[in-house]
Amino acid sequence: MKKEVLDAMTMTRALTRISYEIIERNKHLEDIVLVGIKTRGIFLAKRIAERILQIENKQLPVGELDITLYRDDKKPEVSTEEASVQASNIPFDITGKQVILVDDVLFTGRTIRAGLDALMDVGRPEKVSVAVLVDRGHRQLPIRADFVGKNIPTAISEEILVQMKEHDGTDGVFIVT
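Here the structure is a predicted model, which means the values were calculated and not measured.

Calculation rules
Residues numbered from 1 in each chain as written. Predicted model: local features only at pLDDT ≥ 70, side-chain atom pairs only at ≥ 80, totals over all residues. Heavy atoms only, no water. UniProt positions renumbered as here; feature names shortened; annotations may be inferred. Helix = DSSP H or I, 4+ residues; strand = E, 2+ residues; numbered from the N terminus. Pairing = 2+ DSSP bridges. Axes fitted to C-alpha atoms, helices over the stretch in contact; angles between N-to-C directions. Contact = heavy atoms within 4.5 Å.

A look at the UniProt feature "short sequence motif: PRPP-binding" (unreviewed entry) in the chain
In the numbering used here, UniProt assigns the feature "short sequence motif: PRPP-binding" (unreviewed entry) to residues 99–111. Annotated as residues 99–111, this span is 15% helix and 62% strand, and its ends, taken at the C-alpha atoms, are 16 Å apart.

Brief notes about the sheet that holds strand β1 (residues 2–6)
Pairing within the open sheet is antiparallel, and its three strands lie in the order β1-β8-β7. Pairing within the sheet leaves two strands with one partner each, and these edge strands are β1 and β7 (159–163). Averaged over neighbouring strand pairs, the angle between their axes works out to 30° when direction is ignored. In the packing of helix α1 (residues 8–25) onto the sheet, the strands contacted are β1, β7 and β8 (172–176), and the crossing angle to β1 comes to about 40°.

Considering the side chain of Q163
Note on placement: Q163 falls in strand β7. Those residues in contact with Q163 that lie beyond four places of it in its chain are K2, M11, R40, D168, T170, D171, G172 and F174.

Here is the structure:
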């Protein structure tokens, strides 16, 4: 069973709200970089960067982070050699920068923990913040999001499915039981 909890317009509003919060909490946007966790986090980071460009006329760099080899709860489905081909794409130095790590759903916290480990292999940021479209609760690690589009309490047996136009052909967030 699939129930829509965010439609395309509500997703856009949530990302606009996150963009404004980033602007409000960071006086100097020159030190901010966005890094999206593959796959949907990348599209979200790009949308946030576009919105900030529209609001502030400042272009924030956007990088792509592949955390496959950093997961502690899943074995990579690809070999280390294959994973390096799909490696992260962060074409700028994150050392001394304020990195906003972007993902679609915050659940147990393990994806963000893996993202933090992967970031530290790339450079030494001054600060790392987390932005997520959906926070569904059920943390297993002491990790929280600094910027949240929507809190959606779920049962542990439910799943949150995020669909994005760039990857899935449509925008929406669904609870799947």
